[in-house]
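The chain contents come next:
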Amino acid sequence: MTDLMKAVVLTRFGGVDAFELRDVPVAEVGPRQVRVRVHATAVNPLDFQIRRGDYADQVPLPAIIGHDISGVVEETGSHVTEFRAGDEVYYTPRIFGGPGSYAEQHVADVDLVGRKPRNLSHLEAASLTLVGGTVWESLVTRARLTVGETILVHGGAGGVGTIAIQVAKAMGARVLTTAKTADHEFVRSLGADETIDYTTDYVEAVARTTGGQGVDVVYDTIGGDALTRSPLTLADAGRVVSIVDLAQPQNLIAAWDKNAAYHFVFTRQNRGKLDALTALVERGLVKPVIGATLPLDRLAEAHEISENRRAHGIRGKVAIEVA
Ligand SMILES: NC(=O)c1ccc[n+]([C@@H]2O[C@H](COP(=O)([O-])OP(=O)(O)OC[C@H]3O[C@@H](n4cnc5c(N)ncnc54)[C@H](OP(=O)(O)O)[C@@H]3O)[C@@H](O)[C@H]2O)c1
């Protein structure tokens, strides 16, 4: 008889009432897969973008979505040597590649799975996988930020921004970040050296703060104006990394004048990035930020909070307790 688990299923594209808590079969474990008891997950903007139907072609319904897992291995496939039952792990399920994390159990390719940092709870670890992996790929692999460089992080109080500030500091960079004024003390507590109110002109603020030198790297987690005017904040031959795939055309003409290099990142899943993050976390250099925690059966509410985070005063992530 097939085992059943509770899962929150997306039944149609739409509002937060499109989710249903259901009993669904637990997937079989393949030779290079592990089955994980999910203890915690978290909400990402990608989740509510999928729920609304922004990626309807990539997500057949009904679907279990969700992109962060922290939990415990319960079963390993016949060709798995990296983990055994009882190991604590964290990872992002393959995006657009099968069932996600809003469930009591998850079966994953072992190559995606990393050992959970020992000094984090499951809720904290689950809050790190997608945003941390994205930041690693953006700042380390793509921008190749180096010691002594200056970076502008757009959206420093967000899920990605809170980790980007900490990783950039750990890499030895000077960090400027945009956030609303009420969040300035908070982003400084994460390591930001300079704060810019995002309702003011950030181009002018960067020029003032850097004495006209500009920054070496811009990290765009917002899109639109944060992408198109960012070249105006760059030093010559600076780099811009953008993670926001806005559908509207965006004019990058200002980049020519700066001989800028652009990197567009859609995060990929692998263990290597998680192992690097685990090292930073266990050395006390990076700590996930959780703004709210709800149980799995209140996922609809968690989406509403995450989607309207400004009204709820959320910093960092909305985490979900599963078991
Ligand atoms: N390509 C990829 O692989 C990838 C991976 C992860 C995320 N993303 C995308 O990256 C974006 C950010 O993700 P996230 O998880 O950080 O989202 P999030 O947790 O919702 O945070 C967004 C942050 O941006 C701030 N913000 C809003 N408008 C701003 C502005 N004009 N200037 C500066 N900051 C502003 C918000 O501040 P308030 O709270 O004050 O509104 C909030 O702190 C999303 O669009 C997401 O889909 C892409």
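The rules behind each value
Residues numbered from 1 in each chain as written. Predicted model: local features only at pLDDT ≥ 70, side-chain atom pairs only at ≥ 80, totals over all residues. Heavy atoms only, no water. Axes fitted to C-alpha atoms, helices over the stretch in contact; angles between N-to-C directions. Helix = DSSP H or I, 4+ residues; strand = E, 2+ residues; numbered from the N terminus. Parallel < 35°, antiparallel > 145°, perpendicular 65-115°, else oblique. Contact = heavy atoms within 4.5 Å. Nonpolar A, V, L, I, M, F, W, Y, C, P; charged D, E, K, R; others polar. Near = heavy atom within 4 Å. Polar contact = N/O pair within 3.5 Å; in protein donor to acceptor, adjacent residues only side chain to side chain. Areas by Shrake-Rupley, 256 points an atom, 1.4 Å probe, with all protein chains shown as cover. Domains from an automatic or database assignment. Phe/Tyr/Trp six-rings, centres within 6.5 Å; stacked < 30°, edge-to-face > 60°. Buried < 20%, exposed > 50% of the residue type's maximum accessible area, 1.4 Å probe, protein only. Salt bridge = Lys/Arg side-chain N within 4 Å of Asp/Glu carboxyl O. Buried area = accessible area lost by both parts, 1.4 Å probe.

### Thoughts on the packing of helix α1 (residues 45–52) against helix α9 (residues 299–307)
So, step 1. Taken N-terminus to C-terminus, the directions of α1 and α9 make an angle of 110°; their axes are 10 Å apart at the nearest point. Accordingly, the angle class assigned to the pair α1 and α9 is roughly perpendicular. Listed contacts from α9 to D47, F48, R51 and R52 of α1 are H303, S306 and E307.
So, step 2. When the residues that make up the contact of α1 with α9 are grouped by side-chain class, the tally is 1 nonpolar, 2 polar and 4 charged.

### Section: the site of the ligand
So, step 1. If you check the shell around the ligand, you find 21 residues, and the closest are K180, Y198, V265, T267 and R310.
So, step 2. The contact in question runs from an oxygen atom of the ligand to an N or O atom on the side chain of Q49, over 3.1 Å.
So, step 3. Between the ligand and the protein, one listed contact pairs an oxygen atom with a side-chain N or O atom of R309 at 2.8 Å.
So, step 4. For the ligand, the accessible surface in isolation is 940 Å², of which the surrounding protein chains cover 83%.
So, step 5. For the shell around the ligand, the secondary structure elements donating two or more residues are α1, α3 (129–142), α4 (159–170) and α10 (309–312).
So, step 6. In terms of residue class, the shell around the ligand is made up of 10 nonpolar, 8 polar and 3 charged.
So, step 7. Two domains each put at least three residues into the shell around the ligand: domain 1 (4–128 + 288–321) and domain 2 (131–264).

### Regarding the packing of aromatic side chains
So, step 1. As enumerated under the stated definition, the model contains 4 aromatic pairs in all.
So, step 2. Where Y55 meets F96, the ring centres are 5.2 Å apart and the plane angle is 45°; that geometry is what we call tilted. In this pair, Y55 sits in the loop between α1 and β4 (69–76) while F96 sits in the loop between β5 (88–91) and β6 (105–109), placing the two residues 41 residues apart along the sequence.
So, step 3. Residue class for F96 comes out partly exposed when judged on its relative accessible area of 28%.
So, step 4. Ring geometry for F96 and F266: centres 6.1 Å apart, planes at 10°, overall stacked.

### Examining the side chain of S306
So, step 1. Relative to the assigned elements, S306 resides in helix α9.
So, step 2. Among the residues examined, S306 registers a relative accessible area of 8% and is labelled buried.

### With respect to the environment of G158
So, step 1. Examined against the element boundaries, G158 turns out to sit in the loop between β8 (150–153) and α4.
So, step 2. On a C-alpha basis, the gap between G158 and R315 in space is 6.0 Å, while along the polypeptide they are 157 residues apart.
So, step 3. Setting aside residues no more than four positions away along its own chain, G158 makes contact with R309 and G316.

### As for the pattern of salt bridges
So, step 1. Throughout the structure, instances matching the rule amount to 28 salt bridges.
So, step 2. Across the salt bridge formed by K273 and E137, the nearest N and O atoms sit 2.8 Å from each other. Taken together, the positions of K273 in helix α8 (residues 271–282) and E137 in helix α3 put the pair 136 residues apart, joining distant regions of the chain.
So, step 3. Judged by its relative accessible area of 8%, K273 falls in the buried class.
So, step 4. In this structure E137 comes out as buried when scored by relative accessible area, which is 4%.
So, step 5. Note that D183 is salt-bridged to R315, the shortest N-O span being 2.7 Å. Taken together, the residues span a long stretch of sequence, with D183 in the loop between β9 (174–179) and α5 (184–189) and R315 in the loop between α10 and β15 (317–321) at a distance of 132 residues.
So, step 6. Residue classification places D183 among the buried positions, given a relative accessible area of 6%.
So, step 7. Each of R32, E82, D111 and R271 takes part in salt bridges that share partners, so that together they form one network.

### Some thoughts on the domain arrangement of the protein chain
So, step 1. Looking at the protein chain, the domain boundaries give domain 1 (4–128 + 288–321) and domain 2 (131–264).
So, step 2. The C-alpha centroid of domain 2 is placed 28 Å from the C-alpha centroid of domain 1.
So, step 3. Facing the 11 residues of domain 1 at the interface are 16 residues of domain 2.
So, step 4. Taking both partners together, domain 1 and domain 2 bury about 950 Å²; carbon and sulfur atoms supply 51% of that area.
So, step 5. It is L128, V289 and R315 in domain 1 that bury the most area against domain 2; as a group they hold 48% of the surface buried on that side.
So, step 6. Linking domain 1 with domain 2 are 1 salt bridge, by the criterion used here.
So, step 7. In this assembly, domain 1 and domain 2 are joined by 7 residue pairs in polar contact (both at pLDDT 80 or more).
So, step 8. In the side of domain 1 that touches domain 2, the residues fall into 4 nonpolar, 3 polar and 4 charged.

### Some words on the packing of α3 against α8
So, step 1. Between α3 and α8, the least distance of the axes is 9 Å, while the angle of their chain directions is 100°. It follows from the interaxial angle that α3 and α8 lie roughly perpendicular. On α8, the residues touching T129, G132, G133, W136 and E137 of α3 are K273, L274, A276, L277 and L280.
So, step 2. Residue classes in the contact of α3 with α8 are distributed as 5 nonpolar, 3 polar and 2 charged.

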